[in-house]
Amino acid sequence: MSNQKEKATHKSIRLAIIRIEKGRPNIISDKRKMSVASVAEEAEVSRALIHRDYPELLERIKGGVNKGVRQQRDAKHTELNECKERNRELRKEVAELKAMLAKVQSQNATLIRKNSMLNSSQDKNINITQLTYRK
């Protein structure tokens, strides 16, 4: 007889968990979150009974409690990894741009030096005439 009672109690607790997870409890408010107290109240048993006799159901209840927190944490972790990857890409791009800038600065310095050499040679040589273009 006690075995049937245990099975019935186990079933009522399990069904209470399912009703609360689906948001359709019979006894408690549907606004209440998953907790041992809310499941015990919904199943019309004591909290101590769940803690003492049904550890597997207790784990299920506790797993449902932090489900939203875990999802939120996982979403933040995914976002963080995406930001880290974007940061790596941007750092690589910055390094490439710095290399390009150094090359352009070197070319610019070379052209400035050649320009000053041509200007100084123009001052020395009178046969060179400077052409001006008009638009």
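As shown above, the structure is provided for reference.
These numbers come from a predicted model, not from an experiment.

1. Remarks on the overall build of the protein
Stage number 1. Of regular secondary structure, the protein possesses five helices and zero strands.
Stage number 2. The helix and strand sequence of the protein, counted from the amino end, reads α-α-α-α-α.
Stage number 3. Burial analysis of the protein (135 residues in total) assigns 15% to the buried set.
Stage number 4. Look at the contacts in the protein between residues 6 or more apart in sequence, and 42% of them connect residues 24 or more apart.
Stage number 5. Within the structure as shown, the protein displays about 11600 Å² of accessible surface, and the carbon and sulfur contribution to it stands at 53%.

2. Concerning the pattern of salt bridges
Stage number 1. Taken as a whole and assessed by the stated rule, the structure comprises seven salt bridges.
Stage number 2. Across the pair R32 and E41 runs a salt bridge, and its minimum N-O distance is 2.7 Å.
Stage number 3. Exposure remark for R32: the relative accessible area of 33% places this residue in the partly exposed category.
Stage number 4. Using a relative accessible area of 39% as the deciding quantity, one classes E41 as partly exposed.
Stage number 5. E89 serves as the salt-bridge partner of R86, at 3.9 Å between the closest nitrogen and oxygen. In this pair, R86 and E89 are both assigned in helix α5 (residues 67-124), three residues apart and thus about one turn of the helix distant.
Stage number 6. For E89, a relative accessible area of 40% translates into the label partly exposed.

3. Some words on the nonpolar core
Stage number 1. In this structure, I13, I17, M34, V39, I50 and I61 are the most contacted members of the largest nonpolar core, which totals 16 residues.
Stage number 2. Every element with two or more residues in this core is listed here: α1 (2-22), α2 (36-43), α3 (47-53) and α4 (55-65).
Stage number 3. Leaving out residues up to four positions away in the same chain, I61 has contacts with I17, M34, S35, V36, V39 and I50.

4. Things to note about the side chain of S38
Stage number 1. Among the secondary structure elements, S38 is positioned in helix α2.
Stage number 2. With relative accessibility at 0%, the residue S38 sits in the buried group.
Stage number 3. Contact partners of S38, with chain neighbours within four places excluded, come to I20, I28, R32 and K33.

5. Description of α2
Stage number 1. Counted residue by residue, α2 has six buried out of eight residues, so it is predominantly covered.
Stage number 2. Two residues or fewer past α2, E44 is found with a positive phi of approximately 60 degrees.

6. Focus on the side chain of E42
Stage number 1. Summarising the element assignment, E42 is placed in helix α2.
Stage number 2. In this structure the side chain of E42 is engaged in a polar contact, spanning 2.7 Å, whose partner is the backbone nitrogen of N26.
Stage number 3. Residues contacting E42, with those up to four places away along its chain left out, are A16, R19, I20, P25, N26, I27 and I28.

7. Here's the deal with unusual backbone geometry
Stage number 1. At E44, a position not held by glycine, the phi torsion is positive, near 60 degrees.
Stage number 2. Within the secondary structure, E44 sits in the loop between α2 and α3.
Stage number 3. The exposure class of E44 is exposed, given its relative accessible area of 65%.

Cut-off values and rules
- Residues numbered from 1 in each chain as written.
- Predicted model: local features only at pLDDT ≥ 70, side-chain atom pairs only at ≥ 80, totals over all residues.
- Heavy atoms only, no water.
- Helix = DSSP H or I, 4+ residues; strand = E, 2+ residues; numbered from the N terminus.
- Buried < 20%, exposed > 50% of the residue type's maximum accessible area, 1.4 Å probe, protein only.
- Contact = heavy atoms within 4.5 Å.
- Areas by Shrake-Rupley, 256 points an atom, 1.4 Å probe, with all protein chains shown as cover.
- Salt bridge = Lys/Arg side-chain N within 4 Å of Asp/Glu carboxyl O.
- Core = buried A, V, L, I, M, F, W, Y, C linked by side-chain atoms within 4.5 Å.
- Polar contact = N/O pair within 3.5 Å; in protein donor to acceptor, adjacent residues only side chain to side chain.

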